[in-house]
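Examination of the molecular architecture
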Amino acid sequence: MKNLLDNQRAHFLQSSPQPYAARIDALTRLETMVKTHEADFIAALHQDFGRRATTETRMLELMMLLAEIRHCKSHLKRWMKPKKVAVDWYMRPSSAKIIYQPLGVIGIMGAWNYPVSLVLTPLANALAAGNCAIIKPSELAPATSALIARLIGATFSPAQVAVVEGGADVAAEFAALPFDHIIFTGSGRIGRKVMAAAVEHLTPVTLELGGKSPAIVHESYDVNDAADKIITTKLWNAGQTCIAPDYVLAHESRRDALVAAIETSLATRFKNVVANSDYSHMINAGSWWRMNDIVQDAAAQGARVVAFNPANELADEASGVFLPTLLLDIPDDARAMTEELFGPILPIKTYKTMDDAVAYINQNDRPLALYYFDNDNARVDALLARTTAGGVVVNDCMLHDAQHNLPFGGVGGSGMGAYHGHVGFLTFSKQTGVFMQNRIVAAVLKRVMKPPYNVWTERMIQFLMR
């Protein structure tokens with residue numbers, strides 16, 4: 001890996017800065033690769049998950065990935081242009097501008113839950129910014145990892161884009177390499193290790209982690225609408241999504257109505273679960289058993305467990321399916337309320353006042369996403385002012401991820417930094433400030449601001465300080 005990095009850095013130094021045409025060519029090759037091999041990606045994801053809903057693969061991974069690539073291509077010329085900025089008045093008529101320079105070699109560490117888009121989306125941003133990149137896909141999705149390695153190898157020179165595969169030991173060595181920037185998507189536990197390894201070389205990192213993203217339903221909001229939007233997005237990829245609603249805060253007077261509405265929505269959308277091709281499997285047996293343990297822990301602590309199984313199917317470890325499950329009256333110290341769930345389990349807690357709901361959110365790590373259902377703009381603005389999250393959606397869930405003009409990233413325990421669209425271009429660029437000195441200004445400064453200092457120096461300082 002070190003040799004690969006050295007070769008890419010040598011290539012970068014020889015070819016940088018890449019012109020607009022070269023960057024567009026790289027993005028076009030990536031776009032063509034994804035479009036041409038759609039069926040291969042779907043098959044690989046089926047192999048890794050046992051069953052990955054094909055429509056969700058196309059909609060949540062491939063469609064959004066292609067839209068991101070095309071967004072970069074459409075706006076790249078404007079992004080690359082130097083930006084003129086104002087000069088402080090006493091330095092005029094000098095001029096200043098910001099130029100956008102590629103960083104060098106980007107290390108991209110992906111996650112298993114969306115193993116295609118979570119490596120190729122940051123790759124698109126890195127290529128748009130004129131960088132080289134090395135990708136480390138998740139070993140927990142081995143078929144997809146092998147496919148990406150094969151396709152990238154056939155699409156790009158290894159001096160521009162390369163893939164390395166392997167387990168946790170390879171990932172640890174990868175994070176310790178002297179990249180110019182690392183972007184990691186995964187758990188907070190591993191994110192801390194990545195950041196610790198990057199410190200050795202002072203490598204800047206973008207960490208896309210997770211956490212417990214709440215959905216708050218105001219008592220005045222239509223519970224049927226909120227229920228359908230919450231449970232539908234929760235069950236995309238069987239809940240294995242970092243921005244899935246992790247728990248719900250419902251007003252105490254509307255909790256039972258919301259639960260009934262969720263059950264109605266489930267009955268409408270899923271006639272069965274285990275034999276339903278629209279419902280994805282857990283990634284592996286370990287994830288299935290983790291879901292089971294979390295539910296058992298909640299039940300042991302007095303929570304009411306409501307599992308959805310309309311066709312009375314056998315949903316065990318061998319099936320790969322974990323049933324959609326609601327947890328009611330759950331204590332705060334249950335595992336379901338202290339761990340990111342990453343599965344089709346949805347705790348529903350109650351609040352008395354919005355102050356209580358806000359206080360509950362703020363006492364924990366800042367969430368990667370916050371979802372609020374309310375039609376009152378004043379209350380929406382108040383909630384936005386009193387909470388901090390990686391991203392917010394009002395009256396729906398998860399759709400901010402598909403907006404290419406919005407930054408995507410966490411804050412605090414849910415991550416640091418952001419990418420997507422123009423923000424992704426900036427993340428993988430050095431915004432270099434350039435000051436162009438004017439000869440007249442230089443002559444004045446030479447007489448006033450350089451030794452030996454005189455009375456005019458003092459007068460100028462006093463004037464500017466006032």
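Structural notes, computed from the coordinates. Only a predicted model underlies this, so the values are computations on that prediction, with no experimental measurement involved.

Using the criterion set out here, one finds 13 aromatic pairs in the structure. With a centroid separation of 5.7 Å and 90° between ring planes, the pair formed by Phe270 and Tyr279 is classed as edge-to-face. Take Tyr279: its relative accessible area is 0%, and that puts it in the buried class. Ring pairing ties together the aromatic residues Phe49, Trp112 and Phe342, which thus form one cluster. Stacked on the ring of Phe49, the Lys or Arg Arg52 has its end atom at 4.9 Å from the ring centre. Over the aromatic face of Trp456 sits the side chain of Arg459, whose NZ or CZ is 4.9 Å from the ring centroid.

To continue, consider the pairing of strand β13 (residues 369-373). By the criterion of burial, β13 is predominantly enclosed, with five of the five residues buried. Where strand β8 (residues 214-217) meets β13, three bridges bridge the pair, whose relative direction is parallel. Paired with Ala215 across the bridge in β13 is Tyr371. Relative to strand β14 (residues 391-394), β13 runs parallel, the two being bridged by four bridges. Each bridged residue has a counterpart across the sheet, and for Ala369 the counterpart in β14 is Gly391. Handedness of the crossover joining β13 and β14 through helix α14 (residues 377-386) is recorded here as right-handed.

Strands sit in the order β5-β4-β3-β6-β7-β15 across an open sheet of six strands; the sheet is mixed. Edge positions in the sheet fall to β5 (161-163) and β15 (415-416), since each has one partner strand and no second. Summarising the sheet, strand β3 (residues 105-109) and strand β4 (residues 132-136) pair through five bridges and their orientation is parallel. Residue pairing for β4: Val105 is matched across the bridge by Cys132. This element, helix α5 (residues 117-128), spans β3, β4, β5 and β6 (181-185) of the sheet and lies at about 165° to β3. Sheet strands in contact with helix α8 (residues 188-199) are β3, β6, β7 (205-208) and β15, and its direction is about 175° off that of β7.

What follows deals with a nonpolar patch on the surface. Together, Trp89, Tyr90, Phe463 and Leu464 make up a nonpolar patch on the protein surface, roughly 430 Å² of accessible area in all. Structurally, the position occupied by Tyr90 is in the loop between β1 (83-85) and β2 (95-102).

Our next topic: helix α2 (residues 20-36). Residues spaced three or four apart along an α-helix face the same direction, because each turn holds 3.6 residues. The terminal C-alpha atoms of α2, which comprises 17 residues, lie 24 Å apart, in line with the 24 Å expected from a rise of 1.5 Å per residue. Buried positions along α2 lie against α3 (38-49), α4 (54-80), β2, α5, α6 (142-155) and α15 (421-427).

This paragraph deals with the nonpolar core. Counting 92 residues, the largest nonpolar core has Leu120 and Leu123 as the members making the most contacts within it. Counting 30 residues, the second largest nonpolar core, distinct from the first, contains Met282, Ile330, Ile345 and Val380.

What follows deals with the sheet that holds β14. Pairing is mixed in the open sheet, where seven strands are placed in the order β10-β11-β12-β9-β8-β13-β14. The open sheet has two free edges, formed respectively by β10 (304-307) and β14, since each of these has just one partner strand. Across the sheet, the axes of successive neighbouring strands diverge by a mean angle of 20°, strand direction being ignored. Docked against the sheet, helix α10 (residues 255-269) engages β8, β9 (247-251), β10, β11 (325-328) and β12 (345-351), running at close to 155° with respect to β12. Against the sheet, α14 touches β8, β13 and β14, its axis set at about 160° to β13.

Rules behind the numbers
The numbers attached to residues start from 1 for each chain and follow its sequence in the written order. Reporting of local features is limited, given that this is a predicted model, to residues whose pLDDT is at least 70; pairs of side-chain atoms are given and counted only at 80 or more, and all residues count toward the totals for whole chains, interfaces and linings. Only hydrogens and water are set aside; all other atoms, that is, all heavy atoms of the structure, feed into the side-chain values. Aromatic rings from Phe, Tyr and Trp, with only the six-membered ring used for Trp, were paired whenever their centres fell within 6.5 Å, and each pair was classed as stacked if the ring planes differed by under 30 degrees, edge-to-face if by over 60, and tilted otherwise. Remark: exposure states derive from per-residue accessible area (1.4 Å probe, protein chains only) relative to the maximum for the residue type, with buried under 20%, exposed over 50%, and partly exposed in between. Working rule: Lys NZ or Arg CZ, within 6 Å of ring centre, within 35 degrees of ring normal, means a charge sits over the ring. Helix and strand definitions follow DSSP, with helices as H or I runs of at least four residues and strands as E runs of at least two, each counted in order from the N terminus. Two strands are said to pair when DSSP picks up at least two bridges between them. Clockwise travel from the first strand over the helix to the second, with the strands pointing away from the viewer, marks a crossover as right-handed. Contacts were defined at the residue level, with two residues in contact if any of their heavy atoms lie within 4.5 Å. Only C-alpha atoms enter the line fits that serve as axes; for helices the fit covers just the stretch in contact. Angles between N-to-C directions range over 0 to 180 degrees. Without a salt bridge and with relative accessible area above 30%, a residue can belong to a patch; like charges are then joined within 9 Å and nonpolar side chains (Val, Leu, Ile, Met, Phe, Trp, Tyr) within 5 Å. Working definition of accessibility: Shrake-Rupley area with a 1.4 Å probe, residue cover restricted to the visible protein chains. Each reported salt bridge corresponds to a side-chain nitrogen of Lys or Arg within 4 Å of a carboxyl oxygen of Asp or Glu. Helices are assigned an expected span. That span is 1.5 Å times one less than the residue count. By nonpolar core is meant a set of buried Ala, Val, Leu, Ile, Met, Phe, Trp, Tyr and Cys residues that side-chain atoms within 4.5 Å join together.

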